[in-house]
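So the chains spell out like this:
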Amino acid sequence: MTADQLLTLVVAVLGGALRVGAPFLFVSLGECLTEKSGRINLGLEGVLVLSAMAAFGGAYASGSPWIGVAAGMLAGGLLASLHGVLCSLPRVNDVATGIALMLLGTGLAFDLGKPLIQPQAPQLPALALGGWSASPAVQAALQLNPLLPLGVLLALALGWLLRATRIGLLVRMAGDSADATRALGYSVAGLRIGATTAGGMVAGLGGACLTLFYPGSWNEGISSGQGLIAVALVIFARWSPLRCVGAALLFGGAGALGPALQSVGIGWGYHLFNVVPYLLTLAILVASCRPGRLAAGSPGELSAR
Amino acid sequence: MLRNLLLPVAAVGAALLLFGVFVAGQGASPVEVWATLFKGAFGSGFAWQNTLQRAAPLMLTALCVALPARAGLVVIGGEGALVLGGLACAGLAPALAGAGLAGTVLVCLAGAAAGAAWVALAGWLRQWRGINETISSLLLAYVAIGLFKHLVEGPLRDPASLNKPSTPALAEGLRIGGIAGSDVHWGLALGVAACVAAALWLRWTPSGFSVRVVGGNLRAAQLVGLPATRLILLACALGGAAAGLAGAVEVAAVHTAANASLIAGYGYAGILVAFMARQHPLAIVPVAILFGGFGAAGSLLQRRLGLPDASVLVLQGMAFVLILASEAVRDTDWRRFFAWLFGIVPPPQQQLPARSAPETTP
């Protein structure tokens, strides 16, 4: 490999981290909020796929990508609220419900999205931050998703919300001790349904990233497990929205490795490089989990089981 | 017993109703859809053959969920064990091309071993590091699929497979044939036998009983000195072996080579079958036939009524959600509920006591 190729590769991976990381950021923020309220939503995988389809459909039908973004949020919120409500029923397990919603969300997205595979929807305008560089590779890599800065702001806002506001305190209390929440006269189910729904709306923004920016079309393989990786990302980020930003960028870079290598002409092992994010997730779980010990920052209700 | 059966059946009925509403929203007639579903699944000899053929791998992938579940684990990565099982079968097949029935047995065992190792890995990660097995098994499934694609499109590829990368086709003598001249292959018998064997194992053997104790109450199991880690790994390995076997059978009986057709979602549908069967191996058999029927009817829905092929996924998702939600009403006193609904008696003053509350004897 020549030095020129290496530079292209590094730029492609870094740029890919920003592009591929955007959906990861939103889904992990959504999962973070949900888990802070004491509930796991494995169904975010279904939420991501359904909202990606809804965002694409919304943008295609209305001609405005921003209406598509709103449609994605709405679809994500709706599916996640179903998770929230179902899990509040007695004897309903949230892991099993998450799997069910994963299936339902993908099914709905594939079914309703059938007519959307061919057409082109208007895409979100890119933020071109690479104008200062003469290199076309750098310029292409810095074509930023306009939702990405929004995601960083959202991470800051969510961190502040959970740390310093009354509603954030209530959400954390529902996550740390359902009994204490009940004793103070708040509805645990209500708080969790609210947090799950809001988490689904945030994840819906991730879905919009998938179809309205890079890769920018609707197809049935659009999210292979990104919603689930987010669950592991949250553990890695130790339930802190700010650390989710770094974790998402790391995963974006891992996900961009395969395509980046292909772009410099290394076609070998394309599928193997595509599994890097999953292996990285497993490695991070191995490094950050210990049996019988509470991870720092983990909501008490999640660890009690 | 009847009560246990009634609730999931009612949930599937409700899912069919809801699916009717859904397809009506897409402009199809619900009655026609239900009729087509039935016709495509159980309406003719051909439909039955198609249904049973799809039920065979479902039984095995459902065991991949049910057996670890009896040890207290939620494993959802059966798809990974299935594709690796198929890959191991196709990979070993050229070496055994002339070995006849013994060769068939060996390639199937290779598939089972690959699946067993893969799911046991998820169980081991949980016991070693406390990693949630639901997440790790699914991540491992994606890794397995990547590995499968890499090997099938690269080192193991038959150069003659042009448009669809495949491994070399299995030798005639290694393939699994039909039962008495039908299209239903012997994999179905294998699936039923595996379910019966799993039920017998759980019910009658010390290790099966120990696995249930570990799944029922880990604390109690540890107090009486059961080797929980070993038992959990055993349950995972047996479940994974079933899913790996499913992959090997699909290769040896249906596709005759390992290629992308193997990644058909049987592993994920198996989760649904296992949950509907309430993780009981014997109940898996009829439930797998029901869902095999849904799968078989899917293509008919597409051809006759122009619905997308994914509409069956929607039906499955609805069934899954409603089956889980039906758990919430499991202990409801329906006589009292209906009496209250129709205003015969005033509504109950308070919630019924939980199951664990001591009974007050008169």
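What this report covers is the structure whose coordinates are included nearby. Please read all numbers here as calculations on a predicted model, not as lab measurements.

## As for the overall build of chain B
Scanning chain B from N- to C-terminus turns up 14 helices and zero strands. In terms of overall dimensions, chain B is globule-like: its C-alpha atoms have a radius of gyration of 22 Å, near the 21 Å expected for 362 residues. Taking the principal axes of its C-alpha atoms as reference, chain B extends roughly 75 × 60 × 35 Å. Residues classed as buried in chain B amount to 49% of the 362 residues present. Counted over contacts in chain B with a minimum sequence separation of 6, partners at least 24 positions apart contribute 74%. Put simply, chain B shows about 16,100 Å² of open surface, and 66% of that area lies on carbon and sulfur atoms.

## Digging into helix α13 (residues 276-288) of chain A
For α13(A), which comprises 13 residues, the first-to-last C-alpha distance of 18 Å matches the rise-based estimate of 18 Å (1.5 Å per residue) to within 8%. Among the residues making up α13(A), those that are buried are A:Pro277, A:Tyr278, A:Thr281, A:Leu282, A:Ile284, A:Leu285 and A:Val286. Packing partners of the buried residues in α13(A) comprise α10 (226-236), α11 (241-263) and α12 (270-274) of chain A together with α5 (100-129) and α6 (133-153) of chain B.

## Re the nonpolar core
Counting 194 residues, the largest nonpolar core has A:Leu42, A:Trp218, B:Phe19, B:Ile284, B:Phe291 and B:Phe320 as its most contacted members. When residues of this core are assigned to their parent elements, the largest contribution, 14 residues, is made by helix α10 (residues 228-255) of chain B. Excluding residues that lie within four positions of it along the chain, B:Phe320 makes contacts with A:Ala96, A:Ile99, A:Ala100, A:Leu103, B:Ile271, B:Leu272 and B:Phe275. Counting residues in hydrophobic clusters, the runner-up holds five residues, among them A:Leu9, A:Val13, A:Ala260 and A:Leu261.

## Some remarks on the packing of α10(A) against α13(A)
Residues and elements named next belong to chain A. Where α10 meets α13, the axes come as close as 10 Å, and the angle between the chain directions of the two elements is 35°. Between α10 and α13 the crossing geometry is left-handed. Seen from α10, the contacting residues are Ile-229, Ala-232, Ile-235 and Phe-236; seen from α13, they are Pro-277, Tyr-278, Thr-281, Ile-284, Leu-285 and Ser-288. The residue makeup of the contact of α10 with α13, split by class, is eight nonpolar, two polar and no charged.

## Details of the pattern of salt bridges
Applying the stated rule across the entire model yields six salt bridges over all chains. A salt bridge links A:Glu220 to A:Lys114, with the shortest nitrogen-to-oxygen separation between them at 3.1 Å. Placement of the pair is A:Glu220 in the loop between α9 (188-212) and α10 and A:Lys114 in the loop between α4 (94-112) and β1 (127-128), with a sequence separation of 106 residues. Residue classification places A:Lys114 among the partly exposed residues on the basis of a relative accessible area of 29%. For B:Asp309, the salt bridge identified is with A:Lys114, shortest N-O distance 2.9 Å.

## Observations concerning unusual backbone geometry
All names here are of chain B. Even without being glycine, Thr-256 reaches a positive phi, approximately 60°. Inspection of the secondary structure assignment puts Thr-256 in the loop between α10 and α11 (266-276). Taking relative accessible area as the criterion, Thr-256 reaches 22% and is therefore assigned partly exposed. Here the phi dihedral of Arg-278 falls at roughly 50°; this positive angle occurs in a residue that is not glycine. Judged by its relative accessible area of 37%, Arg-278 falls in the partly exposed class.

Thresholds, definitions, all that
- Residues numbered from 1 in each chain as written.
- Chains lettered and ligands numbered in written order.
- Predicted model: local features only at pLDDT ≥ 70, side-chain atom pairs only at ≥ 80, totals over all residues.
- Heavy atoms only, no water.
- Helix = DSSP H or I, 4+ residues; strand = E, 2+ residues; numbered from the N terminus.
- Rg over C-alpha atoms; globule rule 2.2 N^0.38 Å.
- Buried < 20%, exposed > 50% of the residue type's maximum accessible area, 1.4 Å probe, protein only.
- Contact = heavy atoms within 4.5 Å.
- Areas by Shrake-Rupley, 256 points an atom, 1.4 Å probe, with all protein chains shown as cover.
- Expected span 1.5 Å × (residues − 1).
- Core = buried A, V, L, I, M, F, W, Y, C linked by side-chain atoms within 4.5 Å.
- Axes fitted to C-alpha atoms, helices over the stretch in contact; angles between N-to-C directions.
- Left-handed = near helix turned anticlockwise from the far one by under 90°.
- Nonpolar A, V, L, I, M, F, W, Y, C, P; charged D, E, K, R; others polar.
- Salt bridge = Lys/Arg side-chain N within 4 Å of Asp/Glu carboxyl O.

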